[in-house]
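Structure at a glance
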Amino acid sequence: FIVSDAAGGIFVFNAQSGDLIWSQKNAHKLGALSTAIHPLDNTFVTTGQDGRILFWNTTENKAQNSIDLGHKWIEHAAWSLDGTLLAVSYARKVSVYNESGDELWQSDDHPSTINQIAWSTQNELATASYSQVNFFDGLSGARKQKLEWKGSLISMILSPDSDIVACGSQDNSVHFWRR
């Protein structure tokens, strides 16, 4: 299992024994914000307040590749279900990259900071922000669906078939949509 911390450190542990395999202190200056494990191999990414996406292998104690987005806090990262696409969100935008780290598309601004991203089973990317959940085509970035709600959506989860969307709101309520 993998842990990234507020000081920017990355720690890889043996899941069965709990033994530390390797660690890298200060990998993200100013702090790490998210970790996304590739669904099919030993690759994972970390993101941070330093505006970088770092690509790692669980067996090596150094980043294999990096993408620098400048001074943006990269708050969320998620691999597509087949591991061919990586989505990251920063402020009011989301970008999708291929496995080589090439940007495929970038969204227009959302109404507020993106609070959650998730891939659905239909090769779609879902984003939650203030007043809405958006579904984008994973390859083109075309918006496929927008679900609206008055309020600040701060969390999101999709049912296994992606037909139901549940979002926690800042007012302590949970809102559901059937797509």
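Residues numbered from 1 in each chain as written. Predicted model: local features only at pLDDT ≥ 70, side-chain atom pairs only at ≥ 80, totals over all residues. Heavy atoms only, no water.

1. As for the layout of surface pockets
- Roughly 150 Å³ of volume is contained in the largest pocket.
- In terms of lining residues, the largest pocket is bounded by W105, Q106, S107, D108, D109, H110, P111, Q132, N134, F136, G141 and R143.
- Counting only elements with at least two residues in the lining of the largest pocket, the list comes to β11 (103–106) and β13 (124–137).
- Partitioned by chemical class, the residues of the lining of the largest pocket number 3 nonpolar, 6 polar and 3 charged. (1 Å grid on protein atoms, 1.4 Å probe; cavity = no way out; pocket = protein on both sides within 12 Å on 5 of 7 lines; lining within 4 Å. Points joined across faces, edges and corners; volume = space filled by probe spheres on them. Helix = DSSP H or I, 4+ residues; strand = E, 2+ residues; numbered from the N terminus. Nonpolar A, V, L, I, M, F, W, Y, C, P; charged D, E, K, R; others polar.)

2. With respect to the side chain of S131
- In this structure, S131 sits in strand β13.
- On the basis of relative accessibility, which here comes to 18%, the residue S131 falls in the buried class. (Buried < 20%, exposed > 50% of the residue type's maximum accessible area, 1.4 Å probe, protein only.)

3. Remarks on the nonpolar core
- Counting 13 residues, the largest nonpolar core has V45, I53, F55, L69, L86 and V88 as its most contacted members.
- Of all the secondary structure elements, the ones that give two or more residues to this core are β6 (52–57), β8 (76–79) and β9 (85–90).
- A total of 3 residues in this core trace back to one element, the largest contributor, which is β9.
- Once you skip the residues sitting within four places of it in the chain, V45 turns out to touch S34, T35, A36, I53, L54, F55, W56, A77, W79 and L86.
- Membership of the second largest hydrophobic core comes to 12 residues, among which are A128, L147, L153 and C167. (Core = buried A, V, L, I, M, F, W, Y, C linked by side-chain atoms within 4.5 Å. Contact = heavy atoms within 4.5 Å.)

4. Section: the sheet that holds strand β10 (residues 93–98)
- One open sheet holds the 4 strands; their spatial order is β8-β9-β10-β11, and the pairing between them is antiparallel. Bordering the open sheet on either side are β8 and β11, each of which pairs with just one other strand. Neighbour-to-neighbour, the strand axes of this sheet turn through a mean angle of 20 degrees, independent of strand direction.
- For β10 and β11, the ladder comprises 3 bridges, and the chain directions are antiparallel. Within β11, the position partnered with V96 by the bridge is W105. (Pairing = 2+ DSSP bridges. Axes fitted to C-alpha atoms, helices over the stretch in contact; angles between N-to-C directions.)

5. Concerning unusual backbone geometry
- Unlike most non-glycine residues, S131 shows phi in positive territory, near 75 degrees.
- The phi torsion at S162 lies on the positive side, around 65 degrees, for a residue other than glycine.
- Examined against the element boundaries, S162 turns out to sit in the loop between β14 (143–158) and β15 (164–169).

6. Points about the pattern of salt bridges
- Counted under the stated rule, the structure contains 5 salt bridges.
- A salt bridge links K144 to E124, with the shortest nitrogen-to-oxygen separation between them at 3.2 Å. With K144 in strand β14 and E124 in strand β13, this residue pair connects regions lying 20 residues apart in the sequence.
- Ionic contacts of the salt-bridge type, sharing partners, join the residues E124, K144 and R179 into one network. (Salt bridge = Lys/Arg side-chain N within 4 Å of Asp/Glu carboxyl O.)

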